[in-house]
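Descriptive analysis of the structure
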Amino acid sequence: MNRRTKKILKLKEQKYTLEEISNMVSPVLTPERIRQIINKANEDSLSFCIKHKIAFKKSCPICNLEKTYYLSIKNLSFEELSDEIERLSKYDRTKETVLQRDILIRRLRDDFGFSFNKIGKILQRDHTTILWIYHSKKNI
Ligand SMILES: [Zn+2]
């Protein structure tokens, strides 16, 4: 990223309009050109998800999966969750299933207030496993 681009991004962060940035940086650059430079810089720059330890361009794909799954189950009652519970209590270590199981555990603990023992029984796992998953994924 060159100095001019850095300056433009900084001004944009400070909430200057494209018009103002154009005037400040170079009158040769139209507001439209400024917009293109900003878009390009945003596309090129990678962000890093501390939780999942991956770099990404727009948003962390794993965080997105988590969010999508959480939203899909967040309004379900315990009875309505029974199919999910049955599916996720099966042995399946694929990434997506593990992630969904973790979120289900959070929901059972945080929203229903179940003990780790009870969650362990529901998901047919040892309560220490549940405890470990719960605490290791605390920052969802
Ligand atoms: Zn993430």
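Note: the structure precedes this text.
As a starting point, this report considers the structure included with it. Only a predicted model underlies this, so the values are computations on that prediction, with no experimental measurement involved.

1. Overview of the overall build of the chain
Counting secondary structure elements, the chain contains 8 helices and 2 strands. When the helices and strands of the chain are listed from N to C terminus, the series reads α-α-α-β-β-α-α-α-α-α. At 23 Å, the chain has a C-alpha radius of gyration far larger than the 14 Å of a compact globule built from 140 residues. Taken along the three principal axes of its C-alpha coordinates, the chain extends 70 × 25 × 20 Å. Here the chain, with 140 residues, has 12% of them falling under the buried criterion. Long-range pairs, those at least 24 residues apart, make up 40% of the contacts in the chain between residues at least 6 apart in sequence.

2. Notes on the nonpolar core
Where a protein is soluble and globular, its nonpolar side chains tend to be buried together. In this structure, Ile 103, Leu 104, Ile 105, Leu 108, Phe 116, Ile 119, Ile 122, Leu 123 and Ile 130 together form the largest nonpolar core, which totals 9 residues. For this core, the secondary-structure elements that each account for two or more residues are helix H6 (95-110) and helix H7 (116-122). Among the elements that make up this core, the one with the highest residue count is H6 (4 residues). Ignoring anything within four residues of it in the chain, the contact list for Leu 123 reads Ile 85, Leu 88, Ser 89 and Ile 130.

3. As for the environment of Glu 19
With respect to the helices, strands and loops of the structure, Glu 19 is situated in helix H2 (residues 18-25). C-beta crowding within 10 Å serves as the criterion here: with 11 such atoms nearby, Glu 19 is assigned to the exposed category. As a C-alpha pair, Glu 19 and Asn 42 span 23 residues in sequence and 19 Å in three-dimensional space.

4. Side note on the environment of Thr 129
Mapping Thr 129 onto the fold places it in helix H8 (residues 127-136). Between the C-alpha atoms of Thr 129 and Phe 116, which are 13 residues apart in sequence, the distance is 9.0 Å.

5. Re the packing of helix H1 (residues 3-13) against H2
As a packed pair, H1 and H2 sit with axes 10 Å apart at the nearest point and diverge in direction by 140°. As the angle between them shows, H1 and H2 are arranged oblique. The interaxial crossing formed by H1 with H2 has right-handed handedness. Contact residues: Arg 4, Lys 7, Ile 8, Leu 11 and Lys 12 in H1; Ile 21, Met 24 and Val 25 in H2. When its residues are assigned to classes, the contact of H1 with H2 shows 5 nonpolar, no polar and 3 charged.

6. Regarding the packing of H6 against H8
Orientation of H6 relative to H8, taken along the N-to-C sense of each, is 95°, at an axis distance of 10 Å. Taken together, the axes of H6 and H8 lie roughly perpendicular to each other. The segment H6 lies against H8, with Asp 102, Ile 105, Arg 106 and Arg 109 engaging Ile 130, Ile 133 and Tyr 134. When its residues are assigned to classes, the contact of H6 with H8 shows 4 nonpolar, no polar and 3 charged.

Rules and cut-offs
- Residues numbered from 1 in each chain as written.
- Predicted model: local features only at pLDDT ≥ 70, side-chain atom pairs only at ≥ 80, totals over all residues.
- Helix = DSSP H or I, 4+ residues; strand = E, 2+ residues; numbered from the N terminus.
- Rg over C-alpha atoms; globule rule 2.2 N^0.38 Å.
- Buried ≥ 20, exposed ≤ 12 C-beta atoms within 10 Å, placed from the backbone.
- Contact = placed C-beta atoms within 7 Å.
- Core = buried A, V, L, I, M, F, W, Y, C linked by C-beta atoms within 7 Å.
- Axes fitted to C-alpha atoms, helices over the stretch in contact; angles between N-to-C directions.
- Parallel < 35°, antiparallel > 145°, perpendicular 65-115°, else oblique.
- Left-handed = near helix turned anticlockwise from the far one by under 90°.
- Nonpolar A, V, L, I, M, F, W, Y, C, P; charged D, E, K, R; others polar.

Just geometry here; none of it tells us what the structure is for.
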